[in-house]
Amino acid sequence: MARPKAKELTTRELEVMHVFWDQNQVDPVTELTVSDVRDAMQKAGRDLAYTTVATLVRILVEKGFLNQTNEERPFLYRAVRSFDEVSGNMLGEMIQKVFGGSREKLLMRLMEERKLTPKELKALEDILRENS
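Note that the structure is a prediction, hence the values are computed from the model and not measured. (Residues numbered from 1 in each chain as written. Predicted model: local features only at pLDDT ≥ 70, side-chain atom pairs only at ≥ 80, totals over all residues. Heavy atoms only, no water.)

J.: Got a minute to help me understand unusual backbone geometry in this structure?
T.: Trans peptide bonds make up most of the peptide bonds, and negative phi angles are found at most residues other than glycine. Pro74 follows Arg73 through a cis peptide bond whose omega is -5 degrees. Here Pro74 is to be found in the loop between strand 1 (66-68) and strand 2 (77-79). (Helix = DSSP H or I, 4+ residues; strand = E, 2+ residues; numbered from the N terminus.)

Dropping the structure here:
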């Protein structure tokens, strides 16, 4: 029996999604080709073959993270799911799987990892003030 496809993003799939999300910050209606994605990844220091990027994009379409927006070549793709939605879901799953659903345990682990910079400490204080 074949193993069901994972709903989660692999590391490489996440790298591709970041290309779309980064471009969406510049232009919210961005549509990219596989070549655009490959070029952006190459500029970021990640040199993958065109066929590898094309396969990753196809998988992301199948998983519902990207949508193909045209029928003629070169195919154009757009992110269907936002960074906020995906990162929130991934973080929620990680908190559930690793920390048994305890955000307190996650925060404690983050604090043990390294000392916060003054900027990080201020941001955390601001967040806590807003949620009080």
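J.: Help me understand the layout of surface pockets in this model?
T.: Unoccupied space between atoms shows up once a probe the size of one water molecule is rolled over them. By volume, the largest pocket is sized at about 460 Å³. Together, 15 residues line the largest pocket, and Leu106, Leu107, Leu110, Leu124 and Ile127 are the ones closest to its centre. Elements that contribute at least two residues to the lining of the largest pocket include exactly helix 4 (83-99), helix 5 (103-113) and helix 6 (118-130). When its residues are assigned to classes, the lining of the largest pocket shows 12 nonpolar, one polar and two charged. (1 Å grid on protein atoms, 1.4 Å probe; cavity = no way out; pocket = protein on both sides within 12 Å on 5 of 7 lines; lining within 4 Å. Points joined across faces, edges and corners; volume = space filled by probe spheres on them. Nonpolar A, V, L, I, M, F, W, Y, C, P; charged D, E, K, R; others polar.)

J.: Is there a simple way to think about the confidence of the model for the chain in this case?
T.: Parts of the prediction with low pLDDT should not have their coordinates interpreted in detail. Overall, the prediction assigns the chain a mean pLDDT of 92, with 95% of residues at 70 or greater. Taken element by element, the chain is modelled with least confidence in helix 5, mean pLDDT 87, and with most confidence in helix 3 (residues 50-62), mean pLDDT 98. (pLDDT = per-residue confidence, 0-100.)

J.: How should I be thinking about the pattern of salt bridges in this particular structure?
T.: Any two side chains of opposite charge can pair, so long as their charged atoms come close to each other. Inspection of the entire model under this criterion finds 11 salt bridges. A salt bridge links Arg109 to Glu112; its shortest N-O distance comes to 3.7 Å. Of the two residues, Arg109 and Glu112 are both situated in helix 5; the distance of three residues between them amounts to about one turn of the helix. Of the residues examined, Arg109 reaches a relative accessible area of 39% and is grouped as partly exposed. Taking the relative accessible area as the measure of exposure, Glu112 reaches 58% and is therefore exposed. Residues joined in a network through salt bridges with shared partners are Lys122, Asp126 and Arg129. (Salt bridge = Lys/Arg side-chain N within 4 Å of Asp/Glu carboxyl O. Buried < 20%, exposed > 50% of the residue type's maximum accessible area, 1.4 Å probe, protein only.)

J.: Is there a simple way to think about a nonpolar patch on the surface in this case?
T.: A cluster of nonpolar side chains, namely Leu91, Met94 and Val98, defines an oily patch on the protein surface of about 250 Å² accessible area. Within the fold, Leu91 resides in helix 4. Taking relative accessible area as the criterion, Leu91 reaches 42% and is therefore assigned partly exposed. (Patch = residues over 30% accessible without salt bridge, like charges linked within 9 Å, V, L, I, M, F, W, Y side chains within 5 Å. Areas by Shrake-Rupley, 256 points an atom, 1.4 Å probe, with all protein chains shown as cover.)

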